Amino acid sequence: MKLRSGVAFLLMLCLVIAALGIGAYQGWSDERKAVEETYAGLEKMIQARVESAYNLITVASRHLPETDAPMAQLISARDILESNAGLPQKAAANELLSQSAHQILSSLSALPSVQSDSRDKMYVESYLPQMLEESQARTAGALYNTAAAAFNRELEESLSGFLARLLGVKPAEEFVSP
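No experiment lies behind these values; they were computed from the predicted model shown. Each chain carries its own residue numbering, running from 1 in the written order of its sequence. Only residues with pLDDT of 70 or above have their local features reported here, since the model is predicted, and side-chain atom pairs are shown and tallied only from 80 upward, although totals for entire chains, interfaces and linings are computed over all residues. Neither water nor hydrogens contribute to the side-chain values; these are computed over all heavy atoms in the structure.

A.B. asks: In this structure, what is going on with helix α8 (residues 159-166)? I would like to understand it.
C.D. replies: Each α-helix winds once per 3.6 residues, and so residues spaced three or four apart point in a common direction. For α8, the N-terminal capping position is held by Ser158, with its side-chain oxygen 2.9 Å away from the main-chain nitrogen of Gly161. Helix numbers and strand numbers start at the N terminus; a helix is a DSSP run of H or I with at least 4 residues, a strand a run of E with at least 2. Of the residues trailing α8, Gly168 is marked for its positive phi of about 110°. Counted as a polar contact is a pair of N or O atoms within 3.5 Å, where, for protein atoms, one must be capable of donating a hydrogen and the other of accepting one, and residues adjacent in sequence contribute only when both atoms are in side chains.

Below you can see the structure in the form of structure tokens.
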């Protein structure tokens, strides 16, 4: 009789643990899907950054030599943002884009050729800096960034998150520089 009770208890314990594991896995998988659904918004913002880079490259190519180091960095950053690279690589490229864009704009604003061209002067002094700042702010404050960080924090700090990680739920990839 004691053996049957012990077996029944172990079976019940296994079923409870299995139910907790399945519930944790399904719940956290659904939460992860919700985070991934916000990625489309981030991707649109990254595309706005790429378009800003293209505009700056177009203007800069009229005034700076092809060997200009910030220009090469800007082109490299743009290419990474357009690629299928992971979010940490894209975040680093986004930072590089900001740095090189500011260097290029600073160089361009001091050039007599830009000052004498009213269209390029308007781009360099007004349009491009505004476009770059707005796209940077929107990308940094993207809903995806907030959702991914909150998901990862909760996944890391909860018991059900621990079970879900054991069962294969991965943290969300974040859009932050490494």
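A.B. asks: How do you make sense of a negative patch on the surface when you look at a structure like this?
C.D. replies: Within this analysis, patches are made of residues with over 30% relative accessible area and no salt bridge. Like charges are joined at 9 Å or less; nonpolar side chains (Val, Leu, Ile, Met, Phe, Trp, Tyr) at 5 Å or less. In these tables, accessible area is a Shrake-Rupley quantity obtained with a 1.4 Å probe, and a residue counts as shielded only by the protein chains included in the view. Here, a salt bridge means any side-chain nitrogen of Lys or Arg that lies within 4 Å of a carboxyl oxygen of Asp or Glu. Counted as positive: Lys and Arg. Counted as negative: Asp and Glu, with His and the chain ends omitted from the count. A single reference atom marks each charge: NZ on Lys, CZ on Arg, CG on Asp, CD on Glu. Among the surface-exposed residues, Asp30, Glu31, Glu154, Glu156 and Glu157 lie close enough to one another that they form a single negatively charged patch. Broken down by secondary-structure element, the contributors of at least two residues to the negative patch are α1 (2-37) and α7 (143-157). With respect to the helices and strands, Glu157 occurs in helix α7. The class of Glu157 is exposed, set by a relative accessible area of 64%. Only protein chains enter the calculation, and the probe is 1.4 Å; a residue is then buried if its accessible area is under 20% of its type maximum, exposed if over 50%, and partly exposed in between.

A.B. asks: Would you explain the environment of Leu87 in this entry?
C.D. replies: Position of Leu87 among the secondary structure elements: in helix α4 (residues 87-109). We call two residues in contact when some of their heavy atoms are within 4.5 Å. Setting aside residues no more than four positions away along its own chain, Leu87 makes contact with Tyr39, Leu42, Tyr144, Glu173, Glu174 and Phe175.

A.B. asks: Would you take a moment to explain the packing of aromatic side chains for this structure?
C.D. replies: Pairs of aromatic rings are described using the distance from one ring centre to the other and the angle between the two planes. Any two of the Phe, Tyr and Trp rings considered here, Trp counted by its six-membered ring, make a pair once their centres fall within 6.5 Å; the pair's planes then place it as stacked at under 30 degrees, edge-to-face at over 60, or tilted in between. Within this structure, the stated rule accounts for three aromatic pairs. Ring centres of Trp28 and Phe151 lie 5.6 Å apart, and the angle between their planes is 65°; on these two criteria the pair is classed as edge-to-face. With Trp28 in helix α1 and Phe151 in helix α7, this pair connects stretches of sequence that are 123 residues apart. Both residues of the pair, Trp28 and Phe151, belong to the buried class. Consider the rings of Tyr123 and Tyr127, whose centres lie 5.4 Å apart with planes at 70°: the pair is edge-to-face. Here the residue Tyr123 and the residue Tyr127 both occupy positions in helix α6 (residues 118-140), the gap between them amounting to four residues, near one helical turn.

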